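# Results of the structural survey
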Amino acid sequence: MAKIAIIMGSKSDFAVVKPAVGVIKSFGEDAEVRVISAHRTPEEAREFSSSAKERGIEVIICAAGKAAHLGGVIAADTTLPVIGLPVKTDMMGGLDSLLSIVQMPSGIPVATVGVNGGENAGLLALQILGLKYPEIAKKLSDYKKNMREKINADDIALQQELKTL
């Protein structure tokens, strides 16, 4: 059963969501992925968020562009952590989406990652789960260790290349 749900306002947002799904699966977890619009299918959004906890969902990622109300609409009907994933737009390059998500009213928090930051949304969801699941926390620790080792290896290679100049 999936612990993470990822919903997007329209299928066109899937390119931004795909890295989140990929990183979640790379950690051995599943994600329930759906298209639900805050504006076009508000009843489905309310049903989804109010029943998510009963279905075993523990974290919800909401990807949306432009007005980007999806995260706030979902957060209004659940106590689960909600992560907003702003989608880049033609009009303002995603700034409109980002501002819509980070400006939630008091009492309706939505954590937010950068514009088109699908991978970080997935990692943040996993970090939240890592508080409860030691096996996920261990995989995250290993993931970060591998990132450090790669940076260190890149630095060593760069220093060697600089010596030849």
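For the structure, check the block above.
Below: a short report on this structure. The structure displayed is predicted, hence computed values, not measured ones. Throughout this description, residue numbers start from 1 for each chain and increase along the sequence as written. Only residues with pLDDT of at least 70 are given local features in this predicted model, and only at 80 or more are side-chain atom pairs given and counted; all residues enter the totals for whole chains, interfaces and linings. Hydrogens and waters are ignored; side-chain quantities use all the structure's heavy atoms.

### Description of the layout of surface pockets
In this structure, the largest pocket occupies an estimated 400 Å³ of space. Residue lining of the largest pocket: 20 residues in total, with Ser10, Asp13, Arg40, Gly65 and Lys66 positioned closest to the centre. All amino acids are sorted into three groups, where Ala, Val, Leu, Ile, Met, Phe, Trp, Tyr, Cys and Pro are nonpolar, Asp, Glu, Lys and Arg are charged, and the leftover types, Gly among them, are polar. Of the residues belonging to the lining of the largest pocket, the class tally is 7 nonpolar, 8 polar and 5 charged. Cavity and pocket criteria rest on a 1 Å grid covering protein atoms alone: a 1.4 Å probe that fits but cannot get out defines a cavity, protein on both sides within 12 Å along at least 5 of 7 lines defines an open pocket, and an atom within 4 Å of a point defines a lining residue. Grid points are joined across faces, edges and corners, and a volume is the space filled by probe spheres set on the points.

### Points about a negative patch on the surface
Only residues whose relative accessible area exceeds 30% and that form no salt bridge enter a patch; like-charged residues are grouped when within 9 Å of one another, and nonpolar side chains (Val, Leu, Ile, Met, Phe, Trp, Tyr) when within 5 Å. Note on areas: Shrake-Rupley, 1.4 Å probe, and residue coverage restricted to the protein chains presented here. Each reported salt bridge corresponds to a side-chain nitrogen of Lys or Arg within 4 Å of a carboxyl oxygen of Asp or Glu. Charge assignment in this entry is limited to Lys and Arg as positive and Asp and Glu as negative, and neither His nor the chain termini are counted. Working definition for charges: the position is that of NZ of Lys, CZ of Arg, CG of Asp or CD of Glu. Taken together, the side chains of Glu43, Glu44, Glu47 and Glu54 present a region of like negative charge at the surface. What counts as a helix is a DSSP run of H or I of at least four residues, what counts as a strand is a run of E of at least two, and both are numbered from the N terminus. Locating Glu44 in the fold gives a position in helix α2 (residues 42-51). The buried label goes to any residue with under 20% of its type's maximum accessible area, the exposed label to any with over 50%, and the partly exposed label to all in between, with areas taken from a 1.4 Å probe on protein chains only. Classification of Glu44 as partly exposed rests on a relative accessible area of 39%.

### A few points about the side chain of Glu29
Note on placement: Glu29 falls in the loop between α1 (14-26) and β2 (31-35). You can call Glu29 buried: its relative accessible area is 10%. N or O atoms within 3.5 Å of each other form a polar contact, as long as, within protein, one can give a hydrogen and the other can take it, and as long as residues adjacent in sequence are counted only when both atoms are side-chain atoms. At 3.1 Å, the side chain of Glu29 and the side chain of Lys3 are in polar contact. Discounting residues that sit within four places of it in the chain, Glu29 has contacts with Lys3, Ile24, Leu126 and Ile136. Should any heavy atoms of two residues lie within 4.5 Å, those residues are considered in contact.

### Considerations on the sheet that holds β2
Strands pair, by our definition, only if DSSP identifies at least two bridges between them. In space, the 5 strands of this open sheet follow the order β2-β1-β3-β4-β5, with parallel pairing throughout. Edge positions in the sheet fall to β2 and β5 (111-112), since each of these pairs with one other strand and no more. Bridge count between strand β1 (residues 4-8) and strand β3 (residues 59-65): 5 bridges; the pairing is parallel. Bridging from a neighbouring strand, Ala5 pairs with Ile60 of β3.

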